[in-house]
Amino acid sequence: MKKMIIHGGKRLSGELTIGGAKNSTVALIPAAILADTPVQFDTVPHILDVHNLQIILESMNVHSTFENDVLTIDPTHIEESELPSRAIKSLRASYYFMGALLGRFNRATVTFPGGDNIGPRPIDQHIKGFKALGANVVEKNDSVFISTGSEGLHGARIFLDVVSVGATINIILAAVKAHGTTSIENAAKEPEIIDLATFLNNMGAKIRGAGTDVIRIEGVDSLRSRATHTIIPDRIETGTYLSLAASIGDGILLKNVIPEHMESFTSKMLEMGVDLQINEDSIFVPRVGELNPIRVKTATYPGFATDLQQPITPLLLHADGSSVVIDTIYPQRTQHIAQLKKMGADIRVQDNLIVVGHSSHLQGAHVEAGEIRSGAALMIAGLSATGTTEISRADNILRGYDRVVDKLHSLGADVDIAADEQVPE
Ligand SMILES: CC(=O)N[C@H]1[C@@H](OP(=O)(O)OP(=O)(O)OC[C@H]2O[C@@H](n3ccc(=O)[nH]c3=O)[C@H](O)[C@@H]2O)O[C@H](CO)[C@@H](O)[C@@H]1O
Ligand SMILES: C=C(OP(=O)(O)O)C(=O)O
């Protein structure tokens with residue numbers, strides 16, 4: 001495991017470019033195995049999740065190359081094989097191989113995925129979707145075995161009991177080459193789902209309604225790539241740097257942003273009194289003055305993303321009064337609290353609410369990134385704090401933040417990654 005070492009307390013300034021969205025990328029890579037041609041993605045983030053997905057692809061004889069932000073994947077010689085469980089366990093999105101393999105081979109065996117430890121993460125809605133499409137699903141030991149009869153998958157009407165990004169994507173992957181028409185009702189509306197549908201439609205898929213809560217998919221026989229797919233910018237990375245810039249910036253410009261994807265977040269920053277300058281595809285964060293406390297309640301898109309409730313917390317510590325955070329998606333997503341307290345933050349849980357009080361001074365400390373977004377919160381707090389902060393389990397940050405150390409250096413931060421002998425792999 002790695003640790004991140006931060007010498008904090010420096011004001012940061014400059015500009016940086018947001019990378020391709022992690023949560024699009026981790027769906028697009030499994031989707032690539034549905035193609036009958038090589039496929040290419042641009043603005044691919046340099047993150048551990050991509051590296052681990054490449055390992056999983058390689059185990060199926062799907063070769064990939066990643067150079068200059070361009071990932072090329074050749075699925076034309078794909079073979080069914082046992083997937084490497086260590087790589088599967090390293091990320092949540094490995095469950096997209098269930099839908100993608102089912103779409104490609106009419107069967108899939110996938111170990112239960114890993115990913116962030118943020119409370120219970122059932123996959124019942126994914127399974128419900130696969131079954132509706134005609135698959136037989138058996139969960140045994142730590143694996144899910146999914147198969148169809150010789151007739152393959154057929155279209156179906158599926159109403160999701162819970163709005164789930166993962167289930168929506170997995171059902172699209174399975175249904176895109178099924179016989180007949182599938183509809184997903186109460187579907188998730190996240191921009192990453194539109195990105196996936198755009199990629200598949202450009203290869204000949206017939207997916208309508210992505211970005212609304214009813215998605216219709218007419219199955220097609222073949223998917224053929226004709227152009228490089230440019231991945232949408234990462235809205236969670238953007239929100240993280242917006243929080244960082246308002247917390248300790250002396251003027252920071254974020255480029256490659258889709259401001260419409262950020263509205264639930266930027267509206268909260270404006271409410272706090274951050275004088276954001278929102279342009280067509282960039283956002284400038286000036287040095288901020290006094291900040292108002294706010295209430296944050298997470299919700300499905302276009303609501304405030306659960307993935308940003310921890311990254312905005314260091315900014316809330318600067319507000320002149322107590323802010324309140326309620327995570328309705330993952331109520332147990334609170335690993336940052338104990339760690340931020342070690343740095344002197346006034347933060348506590350009270351009746352299922354996270355209460356964040358004004359904390360005029362943070363002190364560097366040894367803290368642990370229990371998951372990606374608590375890691376991001378600690379990184380911002382460490383940059384704001386006086387003294388040295390060491391964040392162990394920093395792999396959790398590196399698994400989803402594109403070239404994070406280079407980007408922080410470009411803003412003038414004193415930060416490094418080193419091996420952590422205390423925490424074995
Ligand atoms: C790789 C990826 O894109 N990860 C994102 C995705 O995770 P993921 O796709 O796993 O999250 P979901 O949208 O599925 O989860 C939303 C809620 O639905 C529940 N649920 C989900 C599936 C299911 O079968 N049954 C069920 O009850 C979950 O426990 C959770 O409370 O969306 C989450 C919510 O925006 C984000 O935090 C993650 O960053
Ligand atoms: C929870 C997250 O990721 P994953 O679903 O990949 O664990 C996240 O990106 O905040």
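Because the structure is predicted, anything quoted here is derived from the model rather than measured. (Residues numbered from 1 in each chain as written. Chains lettered and ligands numbered in written order. Predicted model: local features only at pLDDT ≥ 70, side-chain atom pairs only at ≥ 80, totals over all residues. Heavy atoms only, no water.)

Asks: Sorry if this is basic, but what is going on with the site of ligand 2 here?
Replies: Taken together, 11 residues lie near ligand 2, and K22, R121, R333, R373 and R399 sit nearest. One of the side-chain N or O atoms of K22 is found 2.5 Å from an oxygen atom in ligand 2. R333 is positioned with one of its side-chain polar atoms (N or O) 2.9 Å from an oxygen atom of ligand 2. Burial of ligand 2 by the protein amounts to 93% of the accessible area it has alone, namely 290 Å². Its residues assigned to classes, the shell around ligand 2 comprises two nonpolar, one polar and eight charged. Counting contributing residues, the shell around ligand 2 receives three or more from each of domain 1 (2-19 + 233-419) and domain 2 (22-230). (Near = heavy atom within 4 Å. Polar contact = N/O pair within 3.5 Å; in protein donor to acceptor, adjacent residues only side chain to side chain. Areas by Shrake-Rupley, 256 points an atom, 1.4 Å probe, with all protein chains shown as cover. Nonpolar A, V, L, I, M, F, W, Y, C, P; charged D, E, K, R; others polar. Domains from an automatic or database assignment.)

Asks: Quick question: what am I supposed to make of the site of ligand 1 here?
Replies: The full set close to ligand 1 counts 21 residues, and Q125, S164, V165, G166 and D307 are the nearest of them. Note that an oxygen atom of ligand 1 is positioned 2.8 Å from one of the backbone N or O atoms of G166. The contact in question runs from an oxygen atom of ligand 1 to an N or O atom on the backbone of I329, over 2.9 Å. Contact with the protein chains covers 87% of the free accessible surface of ligand 1, which is 730 Å². Per-element tally for the shell around ligand 1: the top contributor is helix α5 (residues 124-132), with three residues. Per-class residue counts for the shell around ligand 1 are 10 nonpolar, six polar and five charged. Counting only domains with at least three residues in the shell around ligand 1, you end up with domain 1 (2-19 + 233-419) and domain 2 (22-230). (Helix = DSSP H or I, 4+ residues; strand = E, 2+ residues; numbered from the N terminus.)

Asks: Teacher, can you tell me more about the side chain of T111 here?
Replies: Relative to the elements of secondary structure, T111 occurs in strand β6 (residues 107-111). Classification of T111 as buried rests on a relative accessible area of 16%. Setting aside residues up to four positions removed in sequence, T111 forms contacts with S85, I88, K89, D142 and S143. (Buried < 20%, exposed > 50% of the residue type's maximum accessible area, 1.4 Å probe, protein only. Contact = heavy atoms within 4.5 Å.)

Asks: Looking at this structure, how should I read the UniProt feature "active site" (unreviewed entry) in the protein?
Replies: Those residues carrying the UniProt feature "active site" (unreviewed entry) are D116 in this numbering. Topologically, D116 is positioned in the loop between β6 and α5. Those residues in contact with D116 that sit more than four places away from it in its chain are R121, R333, E371, I372 and R399. (UniProt positions renumbered as here; feature names shortened; annotations may be inferred.)

Asks: Can you walk me through α5 in this structure?
Replies: The periodicity of an α-helix, 3.6 residues per turn, causes residues three or four places apart in sequence to face the same way. Every buried residue of α5 is accounted for by Q125, H126, I127, G129 and F130. In the core, the buried residues of α5 are packed alongside α4 (96-105), β7 (136-140), β8 (143-147), β9 (157-159) and α6 (165-175). A positive phi of about 105° marks G134, the residue just after α5.

Asks: For this particular structure, what's the right way to read the sheet that holds β6?
Replies: Within a beta sheet, neighbouring strands are joined by backbone hydrogen bonds and run either parallel or antiparallel to one another. Across the sheet, three strands lie side by side as β6-β8-β7; this open sheet has antiparallel pairing. Single-partner strands in this sheet number two, and they are β6 and β7. Between one strand axis and the next, the sheet turns through 10° on average, direction left out of account. Looking at chain direction, β6 and β8 are connected through five bridges and run antiparallel. Bridge pairing in β8 links A108 to I146. Across the sheet, α4 touches β6 and β8, and the angle it forms with β6 is around 160°. Relative to β7, α5 is tilted by about 145°, and along the sheet it contacts β7 and β8. (Pairing = 2+ DSSP bridges. Axes fitted to C-alpha atoms, helices over the stretch in contact; angles between N-to-C directions.)

Asks: Just checking my understanding: could you explain the sheet that holds strand β2 (residues 12-17) for this structure?
Replies: The sheet built from four strands is open, its strands ordered β2-β14-β16-β15 with mixed pairing. Only two strands of the sheet have a single partner each, and these edge strands are β2 and β15 (277-278). Across five bridges, the pairing between β2 and strand β14 (residues 249-255) is parallel. Bridge pairing links G14 to I252 in β14.

Asks: I would appreciate a short explanation of a negative patch on the surface in the present structure.
Replies: A cluster of acidic residues, E260, E263, E280 and D281, forms a negative patch at the surface. As for its position among the elements, D281 is in the loop between β15 and β16 (282-285). On the basis of relative accessibility, which here comes to 48%, the residue D281 falls in the partly exposed class. (Patch = residues over 30% accessible without salt bridge, like charges linked within 9 Å, V, L, I, M, F, W, Y side chains within 5 Å. Salt bridge = Lys/Arg side-chain N within 4 Å of Asp/Glu carboxyl O. Lys, Arg positive; Asp, Glu negative; His and termini not counted. Charge placed at Lys NZ, Arg CZ, Asp CG, Glu CD.)

Asks: Help me out: how do you make sense of the domain arrangement of the protein in this one?
Replies: Buried accessible area, meaning the area lost when the parts come together, often serves as the stated size of an interface. On domain assignment, one finds that the protein holds domain 1 (2-19 + 233-419) and domain 2 (22-230). Relative placement of domain 1 and domain 2: their C-alpha centres are 30 Å apart. If you look at the interface, domain 1 gives 22 residues, while domain 2 gives 23 residues. Counting the surface lost from both domain 1 and domain 2, the interface buries some 2,000 Å², and carbon and sulfur atoms represent 50% of this. (Buried area = accessible area lost by both parts, 1.4 Å probe.)

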